[in-house]
Amino acid sequence: MRIVLVGPPGAGKGTQATVLSRKLDIPHVSTGDLFREHIGRQTLLGQEAKQYLDAGDLVPDHITNGMVRQRLGEPDARRGFLLDGFPRTVEQAEELSGMLAEAGAELDAVVELTVPEDVVVERLLGRGRPDDTEGVIRRRQQVYRTQTAPLLEHYAGLLRTVQAVGPVEEITSRALGALPHHHRVA
Ligand code: ADP
């Protein structure tokens, strides 16, 4: 099963992706985590990406797309994945369909987590990641509204919207229940 998870920063994508990937037995591929890993290891890619993460801006596509292509080409991701943080623009979505088409694969669902914006800012301020300062959080929200929200229309046919306020387990059940029927697990 191939799933994309979309939602504003602070919607709980990472938390849900971790649980869902375990329940569905598919790897959780988070571009944010991959970037932070590269930055931690001080790879060239990490050095190039760092300034964008620090500012809350999107890392340019020529860096991001290659990283995703490589990750999705690894053996564990061949039979399915839960993508968290990619695509974040319509251009990236087109890039992803190209990658999948080459492998004769396609997406099964795009799950959108929705949360009111005041809840989101509250959650992020409590998280304490280095890019979770108020200015950078605001910038990431703005990037989401202008660059990522248009994806929802692009994916209209595959989109499943899940209200992401409430206990973690309840949101997980809603997300599982929103998946195409033949893919549901108990
Ligand atoms: P959040 O969802 O809270 O913004 P992420 O961990 O998903 O956190 O992303 C952190 C940062 O990583 C983003 O602000 C951006 O700089 C970079 N990033 C992640 N995914 C992408 C992507 N698909 N394209 C460009 N930049 C990305």
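Look up: the structure comes first, before these words.
On a predicted model such as this, the values are computed, not experimentally measured, just so you know.

J.: Would you mind showing me how to read the site of the ligand here?
T.: Taken together, 19 residues lie near the ligand, and T31, R36, D57, G85 and R140 sit nearest. One nitrogen or oxygen atom from the side chain of K13 is found 3.3 Å from an oxygen atom belonging to the ligand. Interatomic distance of 2.9 Å between a side-chain N/O atom of R36 and an oxygen atom of the ligand. Here the ligand loses 96% of its free accessible area of 550 Å² to cover by the protein chains. Among the elements of the structure, helix 2 (31–41) and helix 3 (44–55) are those that each provide at least two residues to the shell around the ligand. If one sorts the elements of the shell around the ligand by residue count, helix 2 sits on top with four residues. In terms of residue class, the shell around the ligand is built from seven nonpolar, five polar and seven charged.

J.: Would you take a moment to explain the packing of helix 1 (residues 13–24) against helix 9 (residues 168–178) for this structure?
T.: Helices that pack against each other are described as a pair by the angle of their axes relative to one another and the distance between those axes. Viewed as axis vectors pointing N to C, helix 1 and helix 9 meet at an angle of 55°, and their least axial separation amounts to 10 Å. As judged from the angle between their axes, helix 1 and helix 9 are oblique. The handedness of the crossing between helix 1 and helix 9 comes out as right-handed. From helix 1, T15, Q16, V19, L20, K23 and L24 reach across to helix 9, where they touch V168, I171, T172, A175 and L176. Of the residues that constitute the contact of helix 1 with helix 9, the class distribution is seven nonpolar, three polar and one charged.

About the thresholds
- Residues numbered from 1 in each chain as written.
- Predicted model: local features only at pLDDT ≥ 70, side-chain atom pairs only at ≥ 80, totals over all residues.
- Heavy atoms only, no water.
- Near = heavy atom within 4 Å.
- Polar contact = N/O pair within 3.5 Å; in protein donor to acceptor, adjacent residues only side chain to side chain.
- Areas by Shrake-Rupley, 256 points an atom, 1.4 Å probe, with all protein chains shown as cover.
- Helix = DSSP H or I, 4+ residues; strand = E, 2+ residues; numbered from the N terminus.
- Nonpolar A, V, L, I, M, F, W, Y, C, P; charged D, E, K, R; others polar.
- Axes fitted to C-alpha atoms, helices over the stretch in contact; angles between N-to-C directions.
- Parallel < 35°, antiparallel > 145°, perpendicular 65-115°, else oblique.
- Left-handed = near helix turned anticlockwise from the far one by under 90°.
- Contact = heavy atoms within 4.5 Å.

Purely geometric numbers; function is a separate question.
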